[in-house]
Amino acid sequence: MAEDGRACYVYGVVTDDRTDESVKDLPAVGDPEAPVTLVRHGGQAAVVSEVPTGKPLGTPDDLRTHARVLDTLAAQSAPVLPFRFGTVVRDITAVTDELLTEGHDDFARGFERLRGCAQFTVRARYEQDAVLREVVLEQPEAARLREELRGLPEEAGYDQRIQLGRLVMDSIAAKRSVDALELGRRLGPYALASVSEEPASAEGLVNASFLVEDARRQAFEEAAEELAEHWHGRVRMRLLGPLAPYDFVADALREGKEGDE
């Protein structure tokens, strides 16, 4: 690997105890016919495949394939350090002499911190009709404006529509803050760490990722199921995992993290 017009696509780094069979049938980014292989050096192994240098990466299939490789490895209950999508190096020599040699100590630190853990991501969004009913019941002003607008043509009641829209958005934003805290309160105790962000869509509640130890996975999944039942008909929850620790690998590689004394 990698001849003229070809380069090495790097998915991530794993420990050297992975077998070649663990990556044998995985799909490859950029070239479906290219085998995914392990490049071993210093007790660690980079997960790579060949990509043509003249073909741009970034299709939806490429993104899904990148995640599939890493999540398959994460599901095998051994640590994996995922790289950003699109990481390409010159050839095998660069993988061993530069990537694995220069990054060895950082990778070792990451393996130690993430061993026995996986990422679980919760994507929660409101059921629009249900949350709008809540707003109308809880906000008399919203109910009044809605009644005033009932039966009016689209071009009429412009000011009232603007006022109602702002009131609904503010009310949902307040609910989002409270409900995101509730999600963290219920699931956080079963995780070592968590990160969250507000989704872009108006009906989105939160996207939250949790770093969960294998020993606590069942308890975490049960807590997520209980919350989904509690919110049934109001919030739609989707639990993804076990995943590679995408949202936690940067902290795991960082020197000087608390507890490293």
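What you see is a predicted model; the values in this text were computed from it and never measured.

Novice: Help me out: how do you make sense of the overall build of the protein chain in this one?
Specialist: Tallying secondary structure elements over the protein chain gives eight helices and nine strands in all. Looking at the 261 residues of the protein chain, the share that counts as buried comes to 42%. Nonlocal contacts in the protein chain, meaning residues at least 24 apart in sequence, comprise 74% of its contacts between residues at least 6 apart. Of the accessible surface of the protein chain, which amounts to about 14,600 Å², a share of 48% is contributed by carbon and sulfur atoms.

Novice: Just to check I follow, could you spell out the nonpolar core for this structure?
Specialist: Looking at soluble globular proteins, one finds that nonpolar side chains tend to be buried together. In terms of nonpolar packing, the biggest core is built from 24 residues, with Leu-183, Leu-187, Leu-205, Phe-210, Trp-231, Val-235 and Met-237 touching the most fellow members. Elements with a minimum of two residues in this core: β6 (117–126), α4 (128–138), α6 (158–187), β8 (204–213), α7 (217–230) and β9 (235–243). Judged by nonpolar contacts, the second largest core, of 21 residues, contains Val-39, Leu-99, Cys-117 and Phe-248.

Novice: Help me understand the packing of aromatic side chains in this model?
Specialist: The relation between two aromatic rings is expressed through the spacing of the ring centres and the mutual angle of the planes. Here the structure, examined in full by the defined rule, presents five aromatic pairs. Ring geometry for Tyr-9 and Phe-85: centres 6.2 Å apart, planes at 55°, overall tilted. Of the two residues, Tyr-9 is situated in strand β1 (residues 6–15) and Phe-85 in the loop between β4 (80–82) and β5 (88–89); the sequence distance between them amounts to 76 residues. What makes Tyr-9 buried here is its relative accessible area of 0%. Taking relative accessible area as the criterion, Phe-85 reaches 28% and is therefore assigned partly exposed. Centroid distance Phe-83 to Phe-107: 6.0 Å. Interplanar angle 40°. Geometry classified as tilted. Of the two residues, Phe-83 sits in the loop between β4 and β5 while Phe-107 sits in helix α3 (residues 104–114), which places them 24 residues apart along the sequence. For the pair shown, Phe-83 and Phe-107 are each scored as buried.

Novice: Looking at this structure, how should I read the pattern of salt bridges?
Specialist: Once their charged atoms are close, side chains differing in charge can pair, the charge on each being opposite to the other. Applying the stated criterion across every chain yields a total of 17 salt bridges. Between Arg-64 and Asp-61 there is a salt bridge; the shortest N-O distance is 2.5 Å. Linking Arg-64 with Asp-61, this pair stays in helix α1 (residues 60–74), spanning three residues, or about one helical turn. A relative accessible area of 53% means that Arg-64 is categorised as exposed. Between Glu-203 and Arg-125 there is a salt bridge whose closest N-O contact spans 2.3 Å. In this pair, Glu-203 is assigned in the loop between β7 (193–197) and β8 and Arg-125 in strand β6, connecting sequence segments 78 residues apart. Put simply, Glu-134, Lys-175, Asp-179 and Arg-234 are held in one network by salt bridges that share partners.

Novice: Can you help me understand the sheet that holds β8 in this one?
Specialist: Hydrogen bonds between backbone atoms are what pair the strands of a sheet, whose relative direction is either parallel or antiparallel. The four strands lie next to each other as β7-β8-β6-β9, forming an open sheet whose pairing is antiparallel. Two strands close off the open sheet at either side, each with one partner strand: β7 and β9. On average, adjacent strands in this sheet sit at an angle of 15° to one another, irrespective of strand direction. Both β6 and β9 contribute to a ladder of seven bridges, which runs antiparallel. Residue pairing across strands places Ala-124 opposite Met-237, the latter belonging to β9. This element, α7, spans β6, β8 and β9 of the sheet and lies at about 165° to β9.

Novice: Whenever I open this one, a negative patch on the surface confuses me. Can you help?
Specialist: Together, Glu-221, Glu-222, Glu-225, Glu-226 and Glu-229 make up a negatively charged patch on the protein surface. Structurally, Glu-222 is set in helix α7.

Novice: Mind showing me how you'd approach the environment of Val-89 here?
Specialist: As for its placement among the helices and strands, Val-89 is situated in strand β5. Sequence spacing of Val-89 and Val-48 is 41 residues, and the spatial spacing of their C-alpha atoms is 9.7 Å. If near-sequence neighbours (up to four positions away) are discounted, Val-89 is found in contact with Ala-7, Cys-8, Val-10, Ala-94 and Val-95.

The rules behind each value
- Residues numbered from 1 in each chain as written.
- Predicted model: local features only at pLDDT ≥ 70, side-chain atom pairs only at ≥ 80, totals over all residues.
- Heavy atoms only, no water.
- Helix = DSSP H or I, 4+ residues; strand = E, 2+ residues; numbered from the N terminus.
- Buried < 20%, exposed > 50% of the residue type's maximum accessible area, 1.4 Å probe, protein only.
- Contact = heavy atoms within 4.5 Å.
- Areas by Shrake-Rupley, 256 points an atom, 1.4 Å probe, with all protein chains shown as cover.
- Core = buried A, V, L, I, M, F, W, Y, C linked by side-chain atoms within 4.5 Å.
- Phe/Tyr/Trp six-rings, centres within 6.5 Å; stacked < 30°, edge-to-face > 60°.
- Salt bridge = Lys/Arg side-chain N within 4 Å of Asp/Glu carboxyl O.
- Pairing = 2+ DSSP bridges.
- Axes fitted to C-alpha atoms, helices over the stretch in contact; angles between N-to-C directions.
- Patch = residues over 30% accessible without salt bridge, like charges linked within 9 Å, V, L, I, M, F, W, Y side chains within 5 Å.
- Lys, Arg positive; Asp, Glu negative; His and termini not counted.
- Charge placed at Lys NZ, Arg CZ, Asp CG, Glu CD.

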